[in-house]
Amino acid sequence: MTNLRMVKNERGKETLTRKGTFFDYSMLIIVLFLVVFGLVMVYSTSSYSAMIKTGDSAYYFKNQMRATAIGLVAMFAVTVIDYHIWYKFKWIAYIGSLISVVLVLTPLGMEFNGARRWIGVAGFSVQPAEIVKLAIIIMLAAFISYSGNKMKSFRNNLVFCLMAGIAGGMIFIITKNMSSAIIILGIAYVMLMIGNSKPRWLIIATVVGLLAVVAFLIYFFGNVSSAEHFRFRRLLAWRNPENYASNVGMQTLQALYALGSGGFFGKGLGQSIQKLGFLPEAQNDMVFSIICEELGLFG
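Residues numbered from 1 in each chain as written. Predicted model: local features only at pLDDT ≥ 70, side-chain atom pairs only at ≥ 80, totals over all residues. Heavy atoms only, no water.

(A) Quick peek at the nonpolar core. With 24 residues, the main nonpolar core has Tyr 94, Ile 136, Leu 140, Phe 160, Ala 167 and Ile 171 as its most contacted residues. Counting only elements with at least two residues in this core, the list comes to helix H3 (90-102), helix H4 (128-147), helix H5 (154-175) and helix H6 (178-195). Broken down by element, the residue count for this core peaks at seven residues, all from H4. Within the second largest apolar cluster, five residues are counted, among which are Ala 255, Leu 279, Met 286 and Ile 290. (Core = buried A, V, L, I, M, F, W, Y, C linked by side-chain atoms within 4.5 Å. Buried < 20%, exposed > 50% of the residue type's maximum accessible area, 1.4 Å probe, protein only. Helix = DSSP H or I, 4+ residues; strand = E, 2+ residues; numbered from the N terminus.)

(B) Seen up close, helix H9 (residues 250-262). In this model, H9 (13 residues) spans 19 Å end to end at C-alpha, consistent with the 18 Å of a helix rising 1.5 Å per residue. Every buried residue of H9 is accounted for by Leu 253, Gln 254, Ala 255, Ala 258 and Gly 262. Turning to H9, the residues buried within the fold contact helix H10 (287-295). (Expected span 1.5 Å × (residues − 1). Contact = heavy atoms within 4.5 Å.)

(C) Molecular detail of the environment of Phe 172. Along the chain, Phe 172 turns up in helix H5. Linking Phe 172 and Ala 129, residues 43 residues apart in sequence, is a C-alpha distance of 9.5 Å.

(D) Broad picture of the sheet that holds strand E4 (residues 115-121). The strand order across the open sheet built from three strands is E3-E4-E5, with neighbouring strands paired in antiparallel fashion. The two strands at the open ends of the sheet, each matched to only one other strand, are strand E3 (109-112) and strand E5 (124-126). Shown here is a sheet whose adjacent strand axes are inclined to one another by a mean of 45°, direction ignored. As paired elements, E3 and E4 share four bridges and run antiparallel to each other. Across the sheet, the residue bridging to Phe 112 is Ala 115, located in E4. (Pairing = 2+ DSSP bridges. Axes fitted to C-alpha atoms, helices over the stretch in contact; angles between N-to-C directions.)

(E) Molecular detail of the pairing of E4. The antiparallel hairpin formed by E3 and E4 contains two residues in its connecting segment, where Asn 113 sits at a positive phi of about 55°. Here E4 folds back onto E5 in antiparallel fashion, the turn holding two residues, of which Ala 122 has a positive phi close to 55°.

In short, geometric facts, not functional conclusions.
Next up, the structure:
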């Protein structure tokens, strides 16, 4: 992060000038700690299932290590690049991310556990939704910077919302990934709140969002019996997993068993029972429950 100071030039106008550079080492330490902790828990939670599926107990751990190495290199590269340069690549990032979503429908698209949300290139798989999240931040930040005081106008707010809506809508329609679509719209809402000096547009956006939620709930309660609405059945299973223990509620119920059996201090690192085939995808979506089982509430 660059540290700037306000000075007056020869014409008496105030301008920003470089005072030096500042690096937040406390943030770096926190990030590295979380990364290392995550790697330890990935190995602990996945070693059994990796041995059963691949014959290598460190299979998922090695994959995560490769991703971590790439991420650390990228993190270092970003710290030495002036962030203003990303403004020039706003359209490339935005349009490129939308193209990556469309690629899910091509032979590059990959399907896991019944969901087609990934693309595979040169032995690596990536979820386009993650590319869109980064690209939408760059695009919307650039748009706010370019608009300046014009962010008060209806036209600019409409364009802002359309860009976010197109990205979120493509993620939801093409990849059927509602959670990522909601996150993208949430990112846009927060950026609109920060970059907009007129509260009325935030009020309008909030009201529209609340109306959308109400419409969703009305539709939900009118279609809870339909077998095709798996998201609705997940909500019902979340409310009462015991009634759906044999299907959509099974994962939730097993996660609750893991949370409850961990107690205050846990069973100990590597001592989880639920990861031994009882809890599906223990190293992915449900890793938190295994952490609680092994390290307890204290951990």
